[in-house]
Every structure is written in structure tokens, then in C-alpha cells.
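# Survey of secondary and tertiary structure
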Amino acid sequence: QLPLVESGGGLVQPGGSLTLSCSTSGVSSGPGQRAIGWFRQAPGQEREGVACISTSSTTVYADSVRGRFTISRDNAKNKMYLQMYNLKPEDTAVYYCGMDSSWFRTATRVSPVGYDTWGQGTQVTVSS
């Protein structure tokens, strides 16, 4: 299996909510000591950052989702979550879980740069 495994995607109506989960149990080196985040890619678009969380639980969000999405992690359970509220059609994308290549780095931006471990992605579709 892949180091990271996403789940929880699906179809939801605009204004609805959805929670994504990411299992980090497959990461052999420092899964609890590296920043992790959620990224998404819509058809024909580049992969973009959604939200990232550091080992200290410091978080950073993309402007497009700030106030609507909440990222969290539970190192004891080897899991990360993304709670999404008031979903919009433009949130439709494949959502990926990613892990920072460096240990104990504080997340200060939402960007896939520096993230080298990925899951297979989970589809989120927001449509009426």
C-alpha cells in the first residue's frame, strides 16, 4: 500500500459538508515529526495547496478555503483530517494527502513544494 491513504471523498451538494481522512501509518520515517497537508487538483489545473499543519499543530490555509475548512491531526492514531463546510462547486477536485520532506518544519504556506510523500487521492464533487 501507499505511504499515505486518503478516504472520505464523495458527492455533496453546494453548501454541504464533508470530512476527509488520511492515514499516515504507512510512513516509515517520522510520520509524527513532519508537517502534512491537503492538496487538490481539478481537471486541467495544477495541484494546489489547501491546508497544511505542522507537528506543533500550527495551521495555514489557502485563501479560497480559509474559514470554511479545518485541518487537524492525531499522531497517536496516525491520521489527519480535513473538515469541509459550506462547500462550493469550485471545491470539486481530487484531494491528496501530502507529507513534508523535512522534519519539524513549521508550515507557513500552502504549496506542494517540499512535499515528497503522497497518497492516491480521493474525489470530492460538489454539485446539485
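Residues numbered from 1 in each chain as written. Predicted model: local features only at pLDDT ≥ 70, side-chain atom pairs only at ≥ 80, totals over all residues. Heavy atoms only, no water.

Right, let's get into the overall build of the chain. When helices and strands are counted, the chain shows zero helices and 11 strands. Listing each helix as α and each strand as β along the chain from the N terminus yields β-β-β-β-β-β-β-β-β-β-β. For 128 residues, the compact-globule estimate of 2.2 N^0.38 gives 14 Å, and the C-alpha radius of gyration of the chain, at 13 Å, lies within 12% of that figure. The 128 residues of the chain split such that 41% are buried. In the chain, of all internal contacts separated by at least 6 residues, the share reaching a separation of at least 24 is 62%. Accessible area of the chain: about 6,200 Å², with a carbon and sulfur share of 46%. (Helix = DSSP H or I, 4+ residues; strand = E, 2+ residues; numbered from the N terminus. Rg over C-alpha atoms; globule rule 2.2 N^0.38 Å. Buried < 20%, exposed > 50% of the residue type's maximum accessible area, 1.4 Å probe, protein only. Contact = heavy atoms within 4.5 Å. Areas by Shrake-Rupley, 256 points an atom, 1.4 Å probe, with all protein chains shown as cover.)

One non-glycine residue, N78, adopts positive backbone phi at about 55°. Looking at the element boundaries, N78 is found in the loop between β7 (69-74) and β8 (79-84). With a phi angle near 50°, N86 is a residue other than glycine that sits in the positive phi range. Inspection of the secondary structure assignment puts N86 in the loop between β8 and β9 (93-103).

Right, let's talk about the nonpolar core for a bit. The nonpolar side chains of a soluble globular protein tend to be buried with one another. Membership of the largest hydrophobic core comes to 26 residues, with the highest contact counts inside it found for W38, F69, L82, M84 and Y95. Among the elements of the structure, β3 (18-23), β4 (34-41), β5 (48-53), β7, β8, β9 and β11 (122-126) are those that each provide at least two residues to this core. Of all the elements, β9 adds the most residues to this core, at four residues. Apart from the residues lying within four places of it in its own chain, the contact partners of F69 are R40, V50, Y61, L82, Q83, M84, Y85, L87, D91 and Y95. Counting residues in each nonpolar core, the second largest holds six residues, with A35, V60, A107 and Y115 among its members. (Core = buried A, V, L, I, M, F, W, Y, C linked by side-chain atoms within 4.5 Å.)

Here we come to the side chain of S54. By the secondary structure assignment, S54 is in the loop between β5 and β6 (59-61). Among the polar contacts listed, one links the side chain of S54 to the backbone nitrogen of A107, at a separation of 2.5 Å. Look past the residues within four positions of S54 in its chain and what remains in contact with it is A35, R73, R105, T106 and A107. (Polar contact = N/O pair within 3.5 Å; in protein donor to acceptor, adjacent residues only side chain to side chain.)

Each aromatic ring pair is specified by the distance between its two centres and by the angle formed by the two planes. As enumerated under the stated definition, the model contains three aromatic pairs in all. Ring geometry for F39 and Y115: centres 5.0 Å apart, planes at 65°, overall edge-to-face. Taken as a pair, F39 in strand β4 and Y115 in strand β10 (residues 115-118) lie far apart in primary sequence, 76 residues in all. Look at F39 and you get buried, because its relative accessible area is 0%. Ring-pair connections join several aromatic residues into one group, and the members of that group are F39, Y115 and W118. The residue whose ring lies beneath R47 is Y96, and the NZ or CZ to ring-centre distance is 3.7 Å. Just above the ring of W118 sits the side chain of R47; from NZ or CZ to the centre is 4.7 Å. (Phe/Tyr/Trp six-rings, centres within 6.5 Å; stacked < 30°, edge-to-face > 60°. Lys NZ or Arg CZ within 6 Å of the ring centre and 35° of its normal.)

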